[in-house]
Amino acid sequence: MKGTAASMSVMKRVSLIFRAKANKALDRMEDPRETLDYSYQQQVEMLTRVRRGVADVATSRKRVELQMNQLQKESDRRETQARTALAQGREDLARAALQQKAGVQGQLNDLQSQFASLQEQEEKLTFASQQLDAKVQTFRTRKETIKATYTAAEAQTRINEAFSGISEEMGDVGLAIQRAEDKTAQMQARAGAIDELLASGALEDHVGGSHDAIQAELDKMGASTDVDSELARMKGELTSKSVPQIEANGSGEAAADPSGASAAEPQDG
Amino acid sequence: MIVRILGAGQYKLDEAQAARLTPLDAELTATVDRGDEQAFKQALDAAVTLVREAGSAVAADSLATSDVILPSPDASLTEVRKLLAEDGIALG
């Protein structure tokens, strides 16, 4: 048998592995009727496990979604910085902001694929949970029928059938849970790293924060722009006060015009 | 014949459909034996597609056991080898 196992069809081998498991579990049971109750109890536990799995994956998916929103905001903020910098003629700052944006965008893309993968796992586990749920219901009904109708000896065959069918499903669901757990664990490690990054301020230092050199520079420029315009305003005030003394400059100074143009407008009654 | 696709439920195939699956299973087996990941993916995909398209889905509340079982449609060669080698399937 060992010699042929290697060349035996994959599909057959997988089914034999599942069946061997079921038989081994059956062999351990002394009283077939006990098997029914014990197995049912395990099915209910497995159902709980797969439902919890669905909830866990959903939680991970939501966490990733939240991080995606945060990173998107960060990316938008960097773009605004770049525009502001460019408007003020600071291409160097604009470039730096766009470089930051590109880094954030890379992480965002990574999260997007994680999100899709978690969504897929969630769908798979939901399907597994529905399949198992339906089969557990059938098993429960059949279990009662077998107990009520058949003697222990007669019941054996029927129990074996029901048990094998549900065992196969349990094995399948068990594998699905394991796969989902593996994927979720990988993502949680990465999500944790991004959370740390966000918390450390490397990404989310935010407006006026001292960690953000680009923003600090823009703020400084913003402040000096304010000072410049204040100076300009003051100069303007001084100039307008001196207008009457410099008559020769005259005609262009609309603000100094004392004629009251609005009163001269014709008003239709 | 009842075929289970791991993670995707059970399907019932009539004799003619089952006959079409046999060479695909043989191809799948060959790719696993020689460890050809890309060919394995193709063979698995072909088998899964045939079962899904030609077969009819078995009702979810059925307790029928499957005659053969296909790996999960997105399984890697490594996963399948592990599955074939191990006895770590949690049957509860």
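Residues numbered from 1 in each chain as written. Chains lettered and ligands numbered in written order. Predicted model: local features only at pLDDT ≥ 70, side-chain atom pairs only at ≥ 80, totals over all residues. Heavy atoms only, no water.

Chemist: Can you help me understand the overall build of chain B in this one?
Modeler: Helix and strand counts for chain B come out as three helices and four strands. Ordering the α and β elements of chain B from the N terminus gives β-β-α-α-β-β-α. With the C-alpha coordinates of chain B rotated into their principal frame, the extents come out at 35 × 35 × 15 Å. A buried classification covers 47% of the 92 residues belonging to chain B. Counting only contacts in chain B whose residues sit at least 6 apart along the sequence, the fraction spanning at least 24 positions is 71%. A total accessible area of about 4,200 Å² is found for chain B, and carbon and sulfur atoms account for 51% of it. For chain B, the distance from the average position of its 8 positive side-chain charges to the average position of its 15 negative side-chain charges is 2 Å. (Helix = DSSP H or I, 4+ residues; strand = E, 2+ residues; numbered from the N terminus. Buried < 20%, exposed > 50% of the residue type's maximum accessible area, 1.4 Å probe, protein only. Contact = heavy atoms within 4.5 Å. Areas by Shrake-Rupley, 256 points an atom, 1.4 Å probe, with all protein chains shown as cover. Lys, Arg positive; Asp, Glu negative; His and termini not counted. Charge placed at Lys NZ, Arg CZ, Asp CG, Glu CD.)

Chemist: Even after reading the chapter, I still don't get the side chain of E168 of chain A, so can you show me in this structure?
Modeler: Tracing the backbone through its elements, the reader meets E168 of chain A in helix α5 (residues 152-200). By relative accessible area, E168 of chain A is classed as buried at 5%. Polar side-chain contacts of E168 of chain A include one of 2.5 Å to the side chain of R4 of chain B. Each residue touching E168 of chain A, except ones within four places of it in the same chain, is listed here: F18 of chain A together with R4, Q10, T65, S66 and I69 of chain B. (Polar contact = N/O pair within 3.5 Å; in protein donor to acceptor, adjacent residues only side chain to side chain.)

Chemist: So what exactly am I meant to see when it comes to the sheet that holds strand β3 (residues 56-57) of chain B here?
Modeler: What holds strands together in a sheet is hydrogen bonding between their backbones, with the strands either parallel or antiparallel. All names here are of chain B. Here we have four strands laid out as an open sheet, ordered β3-β2-β1-β4, and mixed in their pairing. Of all the strands in the sheet, just β3 and β4 (68-70) have a single pairing partner and so form its edges. In this sheet, β4 lies alongside strand β1 (residues 2-5) in parallel orientation, the contact comprising three bridges. The residue of β4 that forms the bridge with I5 is L70. (Pairing = 2+ DSSP bridges.)

Chemist: What am I meant to see in the interface of chain A and chain B here?
Modeler: Listed per partner, the contact involves 41 residues of chain A and 42 residues of chain B. Note on chain A versus chain B: buried area summed over both sides is about 3,500 Å², and carbon and sulfur give 58% of it. Viewed at the interface, chain B and chain A are joined by six salt bridges. Between E79 of chain B and R179 of chain A there is a salt bridge, with the nearest N and O atoms lying 2.8 Å from each other. Our count for the contact surface shared by chain A and chain B stands at 19 residue pairs in polar contact (both at pLDDT 80 or more). Broken down by secondary-structure element, the contributors of at least two residues to the side of chain A that touches chain B are α2 (10-28), α3 (32-87), α4 (91-149) and α5 of chain A. Here the side of chain A that touches chain B takes 15 residues from α5 of chain A, the largest share from any one element. (Buried area = accessible area lost by both parts, 1.4 Å probe. Salt bridge = Lys/Arg side-chain N within 4 Å of Asp/Glu carboxyl O.)

Chemist: Explanation requested: the pattern of salt bridges in the structure shown.
Modeler: Pairs can form between side chains of opposite charge once their charged atoms are near each other. In the structure shown here, the tally under the stated rule is 27 salt bridges over all chains. Across the salt bridge formed by E79 of chain A and K101 of chain A, the nearest N and O atoms sit 2.8 Å from each other. Of this pair, E79 of chain A sits in helix α3 while K101 of chain A sits in helix α4, placing them 22 residues apart in sequence. The partner of D74 of chain B in a salt bridge is K124 of chain A, with the nearest N and O atoms 2.6 Å apart. With D74 of chain B in the loop between β4 and α3 (77-85) and K124 of chain A in helix α4, the pair connects residues from two separate chains. When its relative accessible area of 28% is taken as the criterion, D74 of chain B is described as partly exposed. Overlapping salt bridges bring together E120, K124 and R179 of chain A together with D74 and E79 of chain B as one network.

Chemist: Looking at this model, I keep getting lost on the packing of α3 of chain A against helix α6 (residues 213-241) of chain A. Mind explaining?
Modeler: If you want to describe how two helices pack, look at the angle between their axes and the distance between the axes. Residues and elements named next belong to chain A. Interaxial distance between α3 and α6 falls to 11 Å at its minimum, and their mutual angle equals 40 degrees. In terms of axis orientation, α3 runs oblique to α6. Where α3 crosses over α6, the handedness of that crossing is left-handed. When α3 is examined against α6, the residues R77, R78, Q81, T84 and A85 are found in contact with a partner set consisting of I214, Q215 and L218. Of the residues assigned to the contact of α3 with α6, the class counts are three nonpolar, three polar and two charged. (Axes fitted to C-alpha atoms, helices over the stretch in contact; angles between N-to-C directions. Parallel < 35°, antiparallel > 145°, perpendicular 65-115°, else oblique. Left-handed = near helix turned anticlockwise from the far one by under 90°. Nonpolar A, V, L, I, M, F, W, Y, C, P; charged D, E, K, R; others polar.)

Chemist: Explain the confidence of the model for chain B here, please?
Modeler: In low-pLDDT regions, the fine details of the predicted coordinates are not to be read closely. Averaged over all residues, the pLDDT of chain B is 92; the fraction at 70 or higher stands at 92%. Segment residues 88-92 of chain B is flagged for pLDDT under 50; beyond a separation of four residues in sequence, or across chains, it makes 17 contacts in the model. (pLDDT = per-residue confidence, 0-100.)

Chemist: What should I look at first to understand the pairing of β1 of chain B in this one?
Modeler: In summary, the side chains of a regular strand alternate between the two faces of the sheet. Residue and element names in this part refer to chain B. On β1, burial covers both faces: I2 and R4 on one face and V3 and I5 on the other are all buried. Where β1 meets strand β2 (residues 9-12), four bridges bridge the pair, whose relative direction is antiparallel. When the bridges of β2 are listed, I5 appears paired with G9. Counting the residues between successive antiparallel strands, the hairpin from β1 to β2 contains three residues, one of them, G7, with a positive phi of roughly 80 degrees.

Chemist: Even after reading the chapter, I still don't get the packing of α3 of chain A against α5 of chain A, so can you show me in this structure?
Modeler: Residue and element names in this part refer to chain A. Across the interface, α3 lies against α5 with an axial gap of 8 Å and an inter-helix angle of 20 degrees. It follows from the interaxial angle that α3 and α5 lie roughly parallel. Once α3 is placed against α5, the crossing between them reads as left-handed. Split by residue class, the contact of α3 with α5 holds 17 nonpolar, 12 polar and five charged.

Chemist: Looking at this model, I keep getting lost on the packing of aromatic side chains. Mind explaining?
Modeler: Aromatic ring pairs: the centre-centre distance and the angle between the two ring planes describe each pair. As enumerated under the stated definition, the model contains zero aromatic pairs over all chains in all. Just above the ring of Y40 of chain A sits the side chain of K143 of chain A; from NZ or CZ to the centre is 4.9 Å. (Phe/Tyr/Trp six-rings, centres within 6.5 Å; stacked < 30°, edge-to-face > 60°. Lys NZ or Arg CZ within 6 Å of the ring centre and 35° of its normal.)

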